[in-house]
Structures are given as C-alpha cells and as structure tokens.
Amino acid sequence: MENKFSVYIETYGCQMNLSDTEIVSRVVKNAGYDLVDSPRKANVVLLNTCSVRENAERKIFERLSQLKKFKQNGEPFVIGILGCMAERLRHKLLEETQVVDLSVGPDEYRKVPELIQKAFAGEKGIAVRLSRVETYDDIEPLRKEGISAWISIMRGCDKFCTYCVVPYTRGRERSRPLNSIVNEVKKLWDEGYKEVTLLGQNVNSYRCPQSNADFADLLKACALAVPKMRIRFVTSHPQDMSDKLIETIAEYSNICKYIHLPIQSGSNRILELMGRNYTFEHYLGRIEKIRSLMPNCALSTDIIAGFPTETIDDHQATLRALEIIRFDGAYMFRYSPREHTKAYKMPDDVPDKEKIRRLNEIIDLQNKISKEINETEHNKIHEVLAEGPSKKDKTKWQGRTDTNKVVIFEPKRNVATGELIRVKITNSTCATLFGKIVD
Ligand code: SAH
Ligand code: SF4
Ligand code: F3S
C-alpha cells in the first residue's frame, strides 16, 4: 500500500512518557508510516498525555482546541490521544471533544498503526486495556541521536498512594528481564551513548521476572557491563530504598551519585493519609545512610502542599523537613484532587489560596537552600558530560555533573558532545552552576 501517513507525536508528562513516545515511534515506523517533526507536515497528530494533576489535563484540552484548525481545511486529518489521559478518560475524550479520533492507553501501543488506519476510514478507535505482562521488551525504542538515553525497566505501580492516578492509568507493576536491560545498555554504548537513565515509577521495586534479581542486582550488572557508561535511575520510593541498594550505588563509580527520593510531606499524619508507608523518621534514616556512605550524593524530592486536612502544623513539619534534610532540589506541587483515588473522598479542605501560599513558602525555602548548597560548589572541580551549546546562550556550552547539576561553561577549546571534561565552578544560581574548563 502506498504510504500516506505522516505522524507527529507531542509528549507531555513524565520521563516514562518520553520513553513511551520512543516506543510508539518505533511501532509506527515499523508499520511503514513517516515520522515528522511538526504538525504542519503531518496528517496524524498524537498527543502523549499526562493525568497526574488537573493542570496537566487542562493543557491537553487547550492543545486540542488549537489543533482543531488542522481538521478544517478539508484534507483528512487524524488526532489521537495516547498515555495516561487516554487511559483515565477512555470514551469521554472521543465523545466530548469531537476532535479526537483515537485514544490509546499505555499498554496498547502495538495497536496504534491499526487504529490510525481505521481512523482514516472514518472509524473512531479506542484501546485502553491494561496488561499485567506488557513491557515492550522486544521493541527497540526509536531514540533521537544524542549521548543520553532512557531505558524503561519496569512499568506500572502497585503503591496506590491515596492522591495518585498512576496505578489506575498505568496498571500493575511489571519488570523487564535483567539480561535484556543489560544488553540494551551495552548496545547503547556501542552506538555512542554515554549515559543511560533507568526508568520506572518505582525503579527500586524492580524484580527480574526470570532470575528474581532486585534493583541493586540490576544496577550492579549494568555498572559492570559498561564501566564507563554513566548510569542514572528515577524514581525511587523511600520504602524500597534498601541498605543493599545504597551500598551498591556507593560501590560503583559509574552509578551517578544522585538520588530522587520523593518525601511528599514532613508530617507523619499526612504521610499516613497519603498511604506512603513510611514515617519521616524512616525517611531521615535512609538519607543518613545515603550520606554516611556518599557524603557528596545529591538528593532531590517531590512535595505536595495542601493535602486534605493538612494543618499549619503539618505544613510547618514539611518546612522543617526541608531544613533538616537540605535537598539539592525539589519538584513542588499543590494538591490536585483526582477522581477515583482514595484521597478524592477526603475533604479537599485547604482553600486554593492557602494551598498556593503554602506552596510558595515551600518553594522560597527550597530555593534558598538550593542556592546555598550550590554556593558551596564554587571553586570545586566537577567532571561534566558535555551535552552541547546552551539553550539560552549559544556561545556557551552546557553539561551535567555526576550529581545531575546543570553546568554552563565557556568552550575554551573544541569540546565535543559526549566528552567528559573537568570544569571548575565559578558561580551559581539556585538552579544552575557556571564554570570554566580546566585543562
Ligand atoms: N512514582 C513517582 C512519581 C509519580 S508522579 C513517585 O512515587 O515519586 C510525580 C509527583 O507528582 C509525585 O511524586 C507527587 O509529588 C506529585 N503528585 C502526584 N499526584 C498528585 C496530585 N494528585 N496532586 C499533586 N501532586 C501530585
Ligand atoms: Fe503514584 Fe505513589 Fe505510585 Fe508514585 S509510588 S506513581 S506517587 S502511587
Ligand atoms: Fe503523568 Fe502518567 Fe507520567 S499521569 S506523570 S504521564 S505516568
């Protein structure tokens, strides 16, 4: 059949979605369709969407109303929703928006080409079954050229934190076989990648379905397989942050000394209502263990402000937690009620204005701490993986430290993308380090 489909995919949400877009791209390409880099060149636009907060969904509805115009010039044009919103809203997207032709959830991406074809034949399609086994292990993601690659190692989440839609949109937890992941790391090194990030909603509850190896075993196997590959991972859950895992991270120099460990709240009462299964004291114990073995390990976290019933005292406990732990950085959100979650039935009793006030207080404190920590980096030398010209200032370059901090530096000599260079830090803000190459 003559190839008549040009597909453009736009990605929202977390890194899992970015990685899934690479999987969908491969599926679509294998079906013989073209992939293009703008909706203007396309006759199929797919939005890979996020449902984690109401704002994330609002953005997609806005985008859909912009895309409507492509349908109005007479040529056949297909709009599809992939990802978490497709899973959460199912038929509603097709029925309520009028512009959506297909809706495909995270475990049904193999069906995308077939549904595109049907859509052109005038048949709206939906595929939102969740699977207990789908990991797309046999599909090689279609990656953009570069030095850093994502590897999805597990899918789904079984934690059911009371505020979170992810277990409903992504289904049950399941992991890929260890050998297959290690082979992917080796292959990526041979292709020129210098850094991989192992991805999952809960990477540290990884279990190899063949050998029962855990996440620490997987990290070790990857670190040993390619000793020069920088290995990152995200996200870890405090409950599964075992001593063995922390010791493994400490032991191998190519496992990056950066851990993203969401705390969510500093109040034990709120943590319990959130169903997080740890106390602040347990969390602090994990941080102390990490710092005792890796004093320079960078730490970041997630915080939710204004969870149901959160009092000023609970909020103060969160601020205190930030002051005690002193994270390098944090992703901070105000609570957004999500239908069907347990917390949805709790009273959303912190008024919006107060949620925003608390959130701003958290952001101000964290920015001050991040800035102070970054100032202690001045005059230190870091190994930086050069990524390329800085987005803001093309005369400068940007890269990342082992601890995942962005460094902007002057390319004194011809640096190449993917080169590890030594940079002395000379200045900083709360979000960025600035430095000079040392020869
Ligand atoms: N699996 C990861 C991340 C999931 S979503 C983890 O457990 O950490 C990323 C972050 O979004 C969460 O850590 C949480 O801080 C935030 N989040 C999730 N649901 C939310 C909601 N309903 N309202 C506000 N923030 C939310
Ligand atoms: Fe959501 Fe909790 Fe699972 Fe993270 S661990 S994805 S916050 S349910
Ligand atoms: Fe959003 Fe789904 Fe990721 S809800 S955060 S895109 S798993």
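Residues numbered from 1 in each chain as written. Chains lettered and ligands numbered in written order. Predicted model: local features only at pLDDT ≥ 70, side-chain atom pairs only at ≥ 80, totals over all residues. Heavy atoms only, no water.

1. Description of the sheet that holds strand β10 (residues 195–199)
Two strands in a sheet stick together by hydrogen bonds in their backbones, pointing the same way (parallel) or opposite ways (antiparallel). Read from one edge to the other, the open sheet built from 3 strands follows the order β7-β10-β11, with strand pairing classed as parallel. The sheet is open, and its two borders are formed by β7 (148–152) and β11 (230–234), each paired with just one other strand. Strand after strand, the sheet turns through a mean of 25° between neighbouring axes, direction not considered. In this structure, β10 lies alongside β11, joined through 5 bridges in parallel fashion. Among the inter-strand pairings, L199 is bridged to a residue of β11, identified as V234. (Pairing = 2+ DSSP bridges. Helix = DSSP H or I, 4+ residues; strand = E, 2+ residues; numbered from the N terminus. Axes fitted to C-alpha atoms, helices over the stretch in contact; angles between N-to-C directions.)

2. Overview of the layout of surface pockets
The volume enclosed by the second largest pocket comes to roughly 770 Å³. Forming the boundary of the second largest pocket are 34 residues, of which K257, N296, H382, D402 and T403 lie nearest the centre. When contributions to the lining of the second largest pocket are tallied by element, the ones reaching two or more residues are β15 (381–389) and β18 (420–428). For the lining of the second largest pocket, the element with the highest residue contribution is β15, accounting for 4 residues. Among the residues forming the lining of the second largest pocket, the class breakdown is 13 nonpolar, 7 polar and 14 charged. Two domains share the lining of the second largest pocket, each providing at least three of its residues, namely domain 2 (148–373) and domain 3 (381–437). (1 Å grid on protein atoms, 1.4 Å probe; cavity = no way out; pocket = protein on both sides within 12 Å on 5 of 7 lines; lining within 4 Å. Points joined across faces, edges and corners; volume = space filled by probe spheres on them. Nonpolar A, V, L, I, M, F, W, Y, C, P; charged D, E, K, R; others polar. Domains from an automatic or database assignment.)

3. So, the site of ligand 1
Near ligand 1 lie 15 residues; those nearest to it are Q201, P262, Q264, D302 and S336. Contact distances for ligand 1 include 2.6 Å between an oxygen atom and a side-chain N or O atom of D302. At 2.8 Å from a nitrogen atom of ligand 1 is found a main-chain nitrogen or oxygen belonging to S336. Relative to its unbound accessible area of 540 Å², ligand 1 is 90% covered by the protein chains. Of all the secondary structure elements, the ones that give two or more residues to the shell around ligand 1 are β13 (298–305) and β14 (329–334). In terms of residue class, the shell around ligand 1 is made up of 6 nonpolar, 4 polar and 5 charged. (Near = heavy atom within 4 Å. Polar contact = N/O pair within 3.5 Å; in protein donor to acceptor, adjacent residues only side chain to side chain. Areas by Shrake-Rupley, 256 points an atom, 1.4 Å probe, with all protein chains shown as cover.)

4. Concerning unusual backbone geometry
With the exception of glycine, most residues fall at negative phi, and the peptide bonds are largely trans. Here V234 and T235 are connected by a cis peptide whose omega angle stands at 5°. For Y136, which is not a glycine, the phi torsion comes out positive at approximately 55°. Topologically, Y136 is positioned in the loop between β6 (125–127) and β7. Even without being glycine, N404 reaches a positive phi, approximately 70°. Summarising the element assignment, N404 is placed in the loop between β16 (397–401) and β17 (406–410). Residue N404 is classed as partly exposed on the basis of its relative accessible area, which comes to 21%. (Buried < 20%, exposed > 50% of the residue type's maximum accessible area, 1.4 Å probe, protein only.)

5. Observations concerning the packing of helix α8 (residues 215–225) against helix α9 (residues 243–251)
Running from N to C, α8 and α9 cross one another at 15°; their axes reach a closest spacing of 9 Å. By the angle between their axes, α8 is roughly parallel relative to α9. Along this stretch, α8 crosses α9, giving a crossing that reads as left-handed. From α8, F215, A216, D217, L219 and K220 reach across to α9, where they touch K244, L245, T248 and I249. Considered class by class, the residues forming the contact of α8 with α9 number 5 nonpolar, 1 polar and 3 charged. (Parallel < 35°, antiparallel > 145°, perpendicular 65-115°, else oblique. Left-handed = near helix turned anticlockwise from the far one by under 90°. Contact = heavy atoms within 4.5 Å.)

6. Details of the nonpolar core
Membership of the largest hydrophobic core comes to 70 residues, with the highest contact counts inside it found for I153, L198 and F215. When residues in this core are grouped by element, the largest group, 6 residues, is from α8. With residues up to four places along the chain from it excluded, the contact list for F215 reads I153, L198, V203, N204, Y206, F233 and L245. Among the nonpolar cores identified, the runner-up in size contains 22 residues, and Y33, L82, V104 and I116 belong to it. (Core = buried A, V, L, I, M, F, W, Y, C linked by side-chain atoms within 4.5 Å.)

7. Observations concerning the side chain of N48
Mapped onto the secondary structure, N48 falls in strand β3 (residues 44–49). Within the structure, the side chain of N48 is placed 3.1 Å from the backbone oxygen of N17, a separation counted as a polar contact. Every residue in contact with N48, bar those within four places of it in the chain, is listed here: E10, T11, Y12, N17, D20, T21, L82, G83 and Y109.

8. Considerations on the pairing of β14
Two faces make up the sheet, and in a regular strand the side chains alternate between them. When β13 meets β14, the two strands line up parallel, connected through 6 bridges. Residue pairing in the sheet places I303 in a bridge with M332 of β14. Handedness of the crossover joining β13 and β14 through helix α12 (residues 312–325) is recorded here as right-handed. (Right-handed = clockwise from strand over helix to strand, strands pointing away.)

9. So, the domain arrangement of the protein chain
Note on interface size: it is often stated as the accessible area lost on association of the parts. Parsing the protein chain into structural domains produces domain 1 (6–127), domain 2 (148–373) and domain 3 (381–437). A separation of 36 Å is found between the C-alpha centroids of domain 1 and domain 3.

10. Digging into the packing of aromatic side chains
Evaluated as defined, the whole model comprises 10 aromatic pairs. Feature note: the residues F5, Y33 and F120 constitute an aromatic cluster, connected by ring pairs. Positioned above the aromatic ring of W189 is the side chain of K194, whose terminal nitrogen or guanidinium carbon lies 4.7 Å from the ring centre. (Phe/Tyr/Trp six-rings, centres within 6.5 Å; stacked < 30°, edge-to-face > 60°. Lys NZ or Arg CZ within 6 Å of the ring centre and 35° of its normal.)

11. Looking at the state of the cysteines
One pass over the structure, following the stated rule, counts 0 disulfides. Its sulfur unpaired, C430 is 20 Å from the next cysteine sulfur, which belongs to C297. (Disulfide = S-S within 2.5 Å.)

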